[in-house]
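# What the coordinates show
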Amino acid sequence: KERGIKKDYVIESIETALVTAYKRNFDVTSDNVKITLNRETGETHVYEELNVVNEVEDWDTQISVEDAKKIDPRYNEGDVVEKELMPKNFGRIAAQTAKQVIVQRIREASREVIFSEFNEKKGEIVSGIVQKVDKNIVVLDLGKIEGIMPIKEQIPTEHYYVNQKLRACVANVEKGAKGSTQIIVSRANNDFLRKLFELEIPEIYEGLIEIKSISRDPGKRCKVAVYSPNENIDPVGSCVGQKGIRIQNIINELSGEKIDVIEWNEDPSTYIAEALLPAKVMAVDIKDEERFAQVIVPDDQLSLAIGKAGQNARLAARLTGWKIDIKSETQFREMLSKQQEESDEETKTEE
């Protein structure tokens with residue numbers, strides 16, 4: 001009951017275990033031994049299943065019609081006789097064999113229950129206590145099983161310690177060696193951020209606001225594109241909350257990771273301009289076939305649009321799925337001027 005294993009499976013395991021113990025104890029190799037267990041009284045019977053034939057070729061699996069009719073006159077050729085066996089000397093070793101089989105089957109069933117339970121929780125948030133912190137992995141006690149958080153699933157700016165309470169997202173559930181279940185958890189993937197938004201923002205949980213896209217640089221910055229089909233709902237305002245309280249709870253959970261919430265738009269130009277916030281955009285020229293966007297920003301906004309080590313532009317490109325080239329107004333004018341000069345020269349050459 002504690003492990004969530006059904007009673008039928010346990011009784012079936014006991015029957016299987018007794019069959020195994022009987023075969024080993026009496027050195028039986030055939031598969032025609034059957035054990036029944038009365039679920040009310042616990043009374044156990046051992047039977048040998050024998051095929052009724054005219055001429056017996058294998059005494060371990062067959063019985064003659066003549067001998068079968070001695071047991072019950074109604075038996076004919078082709079029937080199966082269940083002949084009860086009365087095993088003697090079924091002692092300590094046989095009992096130990098049965099116990100080992102039962103324990104093994106219950107262990108297997110317990111693993112299967114845990115695998116199914118956590119497989120259904122993929123993408124969900126679980127809470128655990130840090131048990132071990134290694135160079136590359138953090139081990140979390142999730143109650144029934146341990147969860148492993150490899151270095152690539154950790155937030156680089158965080159420092160973990162033993163007995164720390166931690167929330168993470170179930171990234172993957174794998175079956176390891178000998179049927180064991182391995183739970184991979186993550187604080188760095190997009191699903192963790194998505195679920196935090198669902199927990200903190202009721203409108204997202206209820207489906208009034210939809211998260212269209214997420215791009216993350218874990219521990220540093222992330223961009224989340226939100227959309228609401230209801231014109232009366234401000235998706236960005238709802239996510240940020242009054243005085244930023246809702247978004248602040250998520251930032252705190254992510255150890256200070258900056259979050260840009262932007263409004264998704266089906267028009268690529270508007271969407272890309274929004275994605276480059278906090279930088280102001282003057283113009284966006286798009287090429288649909290190549291999914292390429294040329295973005296023009298004021299001179300004083302260029303470094304802000306590109307971001308530290310190109311972070312803002314990189315996150316915007318990942319968020320929108322478009323290649324983005326950012327140029328300042330001056331750079332763009334110079335580029336146009338150069339193109340004009342080249343065009344004039346070509347014209348002169350043709351003349």
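This text gives an overview of the structure that appears in the document. (Residues numbered from 1 in each chain as written. Predicted model: local features only at pLDDT ≥ 70, side-chain atom pairs only at ≥ 80, totals over all residues. Heavy atoms only, no water.)

### A few points about the sheet that holds strand β9 (residues 181-186)
Spatial ordering of the closed barrel is given by β5-β6-β7-β9-β8, a layout of five strands whose pairing is mixed. Within this sheet the neighbouring strands show an average axis-to-axis angle of 55 degrees, counted without direction. Pairing of strand β8 (residues 165-175) with β9, which is carried by six bridges, proceeds in the antiparallel orientation. Of the residues in β9, the one forming a bridge with Val173 is Ile183. The strands that helix α3 (residues 92-120) touches are β5 (125-133), β8 and β9; relative to β8, the one it contacts most, it runs at about 115 degrees. (Pairing = 2+ DSSP bridges. Helix = DSSP H or I, 4+ residues; strand = E, 2+ residues; numbered from the N terminus. Axes fitted to C-alpha atoms, helices over the stretch in contact; angles between N-to-C directions. Contact = heavy atoms within 4.5 Å.)

### Some points on the pairing of strand β11 (residues 221-227)
The buried fraction of β11 amounts to six of the seven residues, a majority that puts the element mostly inside the structure. Pairing geometry for strand β10 (residues 210-217) and β11, over seven bridges, is antiparallel. Among the inter-strand pairings, Glu210 is bridged to a residue of β11, identified as Tyr227. Here β10 hands over to β11 after three residues, with Gly219 in that stretch at a positive phi of 85 degrees. (Buried < 20%, exposed > 50% of the residue type's maximum accessible area, 1.4 Å probe, protein only.)

### Details of the pattern of salt bridges
Scanning the model with the defined rule gives 17 salt bridges in all. Note that Glu117 is salt-bridged to Lys144, the shortest N-O span being 2.8 Å. Of this pair, Glu117 sits in helix α3 while Lys144 is found in the loop between β6 (137-141) and β7 (146-150), placing the two residues 27 residues apart along the sequence. Across the pair Lys195 and Glu198 runs a salt bridge whose closest N-O atoms are separated by 3.1 Å. One end of the pair is Lys195 and the other is Glu198, both in helix α4 (residues 190-200) and three residues apart, which spans about a single turn. Residue classification places Glu198 among the partly exposed positions, given a relative accessible area of 23%. Put simply, Glu158, Arg167, Arg187 and Glu253 are held in one network by salt bridges that share partners. (Salt bridge = Lys/Arg side-chain N within 4 Å of Asp/Glu carboxyl O.)

### Section: the packing of helix α8 (residues 268-275) against helix α10 (residues 311-320)
Between α8 and α10, the shortest axis-to-axis distance is 9 Å and the interhelical angle comes to 145 degrees. Handedness of the α8/α10 crossing: right-handed. Contacts between α8 and α10 involve Tyr271, Ile272 and Ala275 on the former and, on the latter, Ala316, Leu319 and Thr320. (Left-handed = near helix turned anticlockwise from the far one by under 90°.)

### Focus on the packing of aromatic side chains
For any pair of aromatic rings, the description rests on two quantities: the centre-to-centre distance and the angle between the ring planes. In this structure the tally under the stated criterion is two aromatic pairs. Geometrically, the ring pair formed by Tyr227 and Trp264 is edge-to-face, given 5.2 Å between the ring centres and 75 degrees between the ring planes. Placement of Tyr227 in strand β11 and of Trp264 in the loop between β12 (258-263) and α8 is noted, with a sequence separation of 37 residues between them. Joined through ring pairs, the aromatic side chains of Tyr227, Trp264 and Tyr271 make up one cluster. Residue placement shows Lys212 over the ring face of Trp264; its charged tip is 4.4 Å from the ring centre. (Phe/Tyr/Trp six-rings, centres within 6.5 Å; stacked < 30°, edge-to-face > 60°. Lys NZ or Arg CZ within 6 Å of the ring centre and 35° of its normal.)

### Some words on the environment of Ile204
When you line up the elements, Ile204 lands in helix α5 (residues 202-205). Residue class for Ile204 comes out buried when judged on its relative accessible area of 9%. Counting along the chain gives 34 residues from Ile204 to Ser238, while the straight-line C-alpha distance between them is 9.2 Å. Contact partners of Ile204, with chain neighbours within four places excluded, come to Phe197, Glu198, Ile209, Ile211 and Cys239.

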